[in-house]
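As a plain string of letters, each chain reads:
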Amino acid sequence: MLNLNDKNVHIVLVDDEQAELDAYRFLLESMGVRQITQVNDSLQVLATLEQIPSPVVFLDLNMPRMSGQEVLAAIKEKMPQVPVIICTANSDIETAVECLKLGAHDYLVKPISLNTFGSALRNALEIGALRKEVLSLKGISFSEGRYNSAAFEGIITRSPAMEGVFQYIEAISRSRQPALILGETGSGKEQLARAVHLSSGVSGEFVAVDVSGLDDTLFADTLFGHRKGAFTGASGDRPGLIEKAAGGTIFLDEIGDLSEASQVKLLRLLQEGIYYSLGSDAPKQCRARIVAATNLDLVGMAAQQQGFRRDLYYRLSTHLIKVPPLRERREDIPLLVQHLVAEAAAGLQKTPPSVSIAALELLMSHPFPGNIRELKTYLFDAVARCGDGQITDLLLQERLAGAHAEISAASGGQAINAAASPLESLLGRFPSLEELAEFAVSQALAKSGNNQSQAARLLGISKQALHKRLKKREDS
Ligand SMILES: Nc1ncnc2c1ncn2[C@@H]1O[C@H](COP(=O)(O)OP(=O)(O)OP(=O)(O)O)[C@@H](O)[C@H]1O
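Residues numbered from 1 in each chain as written. Predicted model: local features only at pLDDT ≥ 70, side-chain atom pairs only at ≥ 80, totals over all residues.

- Looking at an unreviewed UniProt entry, one finds the chain named Sigma-54-dependent Fis family transcriptional regulator and attributed to Desulfuromonas versatilis.

Okay, here's the thing in structure tokens:
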């Protein structure tokens with residue numbers, strides 16, 4: 001659990017106005033942060049950061065000499081691992097998206113509540129620590145942690161978790177072993193399957209097939225092809241998709257729905273590397289790499305031998321890629337919104353409408369069980385319907401309310417309350433009563449300048465009771 005008063009937590013505040021710097025300092029100190037550096041000259045930011053081992057930066061945008069955006073770009077160029085949180089009075093979405101694209105960790109619009117401020121900081125510290133840990137485990141430095149961007153073009157993300165997925169795909173790019181992609185519906189599995197194909201640099205085709213609707217004969221025919229006369233109506237030889245994908249990748253989507261008989265055929269193909277076209281005795285060599293995907297709990301199904309063969313699961317999952325759902329990478333939502341609105345507008349030959357902050361906030365708080373596909377549906381509909389150049393929260397509300405009702409019905413009518421309480425977002429989990437009492441005592445002491453009589457009065461307890469509590473704290 002992250003402790004904000006840990007001496008390694010070091011915050012750098014950048015703003016040209018001293019009053020703002022002091023206000024942030026006050027907020028941070030009230031949260032227990034001890035190491036705070038203020039910088040009021042944007043030209044001094046890089047030199048300051050070079051002196052601090054693992055800083056988190058709170059950065060204002062409107063500054064003379066060098067703008068916040070320029071400072072952000074310079075930090076991301078020189079120290080990409082440093083989380084930068086933008087704090088600004090500018091609520092326009094284009095600037096927010098621009099900053100997120102430049103690599104900002106978060107974008108907070110003033111006035112900023114203590115809760116928002118606290119959770120942004122906690123999140124930045126956690127992500128910074130995780131990023132460092134992952135890269136050090138891999139033995140690579142921050143600047144080396146870049147991946148071949150061409151293979152991932154069109155996959156809009158700024159999520160560290162997705163960045164980890166990209167790095168994994170790069171690491172397995174030379175392998176011809178099967179890969180299994182697990183993730184919820186609409187989370188981008190097919191896009192990642194294409195990235196696996198593109199990053200491998202092979203010259204063959206990427207061939208996708210949804211196997212969920214195929215009975216066993218159709219599965220064999222589709223994948224392996226047939227010889228003339230193999231069955232009534234087979235009027236000529238037909239190559240299967242495995243042949244089409246030779247030297248490339250065959251993507252088997254919805255693999256969790258494959259019939260038992262077809263699972264046996266696929267297992268044999270994976271084990272022996274050969275297959276037979278329907279009506280033929282001549283074995284053919286499979287020269288396609290197999291990538292499969294499902295939104296089902298294949299691990300559970302295989303473990304319980306229910307609906308999916310365990311041996312097939314192990315064969316398919318030589319390389320295992322797990323795609324995080326959109327609700328676990330909400331930082332992607334603003335970028336996706338901008339991308340999808342532009343895509344929808346281009347399709348309708350319209351100028352892309354802007355998106356109001358209230359609309360964005362509404363989207364940020366939605367659980368998105370249908371992930372990016374669901375987001376895409378709402379935005380394509382909103383772009384088509386919006387007449388006055390702006391997508392407002394009102395335009396989205398109806399669709400989102402409908403989705404909430406469906407989720408609620410699916411969960412047996414229980415209202416979903418996924419939002420964390422303010423204290424949860426500050427502490428990272430729900431606090432115990434004892435922790436709350438400790439927090440109140442610390443705050444009262446800080447507020448009274450360590451005067452125990454005053455602090456006890458603020459807490460509504462006797463001085464003796466406070467003394468006893470402090471003694472207990474010392475002894476523990
Ligand atoms: N990161 C992303 N950036 C841009 N578009 C995305 C992203 N992820 C998904 N999409 C878009 O969302 C839609 C759904 O993505 P995709 O088909 O890859 O999901 P899936 O996980 O394979 O879905 P399913 O489980 O239903 O097969 C597609 O239109 C895709 O282009």
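Now that the structure is up, let's keep going.
### Looking at the nonpolar core
Moving on, step 1. Counting 58 residues, the largest nonpolar core has Val-57 and Leu-59 as the members making the most contacts within it.
Moving on, step 2. In terms of domain composition, this core takes at least three residues from each of domain 1 (10-138) and domain 3 (327-410).
Moving on, step 3. Within the second largest apolar cluster, 44 residues are counted, among which are Phe-219, Phe-224, Ala-245 and Tyr-313. (Core = buried A, V, L, I, M, F, W, Y, C linked by C-beta atoms within 7 Å. Buried ≥ 20, exposed ≤ 12 C-beta atoms within 10 Å, placed from the backbone. Domains from an automatic or database assignment.)

### Observations regarding the packing of helix α3 (residues 68-78) against helix α4 (residues 93-102)
Moving on, step 1. In contact at an axis separation of 9 Å, α3 and α4 are set at 20° when each is read in the N-to-C sense. Viewed along their axes, α3 and α4 adopt a mutual orientation that is roughly parallel. Crossing handedness for the pair α3 and α4: right-handed. Residues Gln-69, Leu-72, Ala-73 and Lys-76 of α3 form the contact with α4, whose participating residues are Glu-98, Cys-99 and Leu-102.
Moving on, step 2. A class-by-class count of the residues in the contact of α3 with α4 yields four nonpolar, one polar and two charged. (Axes fitted to C-alpha atoms, helices over the stretch in contact; angles between N-to-C directions. Helix = DSSP H or I, 4+ residues; strand = E, 2+ residues; numbered from the N terminus. Parallel < 35°, antiparallel > 145°, perpendicular 65-115°, else oblique. Left-handed = near helix turned anticlockwise from the far one by under 90°. Contact = placed C-beta atoms within 7 Å. Nonpolar A, V, L, I, M, F, W, Y, C, P; charged D, E, K, R; others polar.)

### A look at the site of the ligand
Moving on, step 1. Close to the ligand lie 18 residues; Ile-156, Gly-188, Lys-189, Glu-190 and Ile-372 are nearest.
Moving on, step 2. When residues of the shell around the ligand are traced back to their parent elements, those giving at least two are α7 (189-200), α13 (333-348) and α15 (371-385).
Moving on, step 3. Classifying every residue of the shell around the ligand gives four nonpolar, nine polar and five charged.
Moving on, step 4. Viewed by domain, the shell around the ligand spans two of them, domain 2 (160-324) and domain 3 (327-410), each represented by three or more residues. (Near = placed C-beta within 6 Å.)

### A word on the sheet that holds strand β4 (residues 84-88)
Moving on, step 1. Reading across from one edge, β2-β1-β3-β4-β5 is the order of the five strands in this open sheet, with parallel pairing throughout. This sheet does not close on itself; its edge strands, each paired only once, are β2 (35-39) and β5 (106-109). Strand-to-strand, the axes of this sheet are offset by a mean angle of 20°, without reference to chain direction.
Moving on, step 2. The sheet contact formed by strand β1 (residues 10-14) and strand β3 (residues 55-60) spans five bridges and is parallel. Across the sheet, Leu-13 pairs through a bridge with Phe-58, a residue of β3. (Pairing = 2+ DSSP bridges.)

### Re the sheet that holds strand β6 (residues 179-182)
Moving on, step 1. Within the open sheet, the five strands sit side by side as β7-β10-β13-β6-β14. Their pairing is parallel. The two strands at the open ends of the sheet, each matched to only one other strand, are β7 (206-210) and β14 (319-322). This sheet shows a mean twist of 20° between the axes of neighbouring strands, independent of strand direction.
Moving on, step 2. Bridge count for β6 against strand β13 (residues 289-294) is four bridges, and the pairing is parallel. When the sheet's bridge partners are listed, Leu-180 is paired in β13 with Ala-292.

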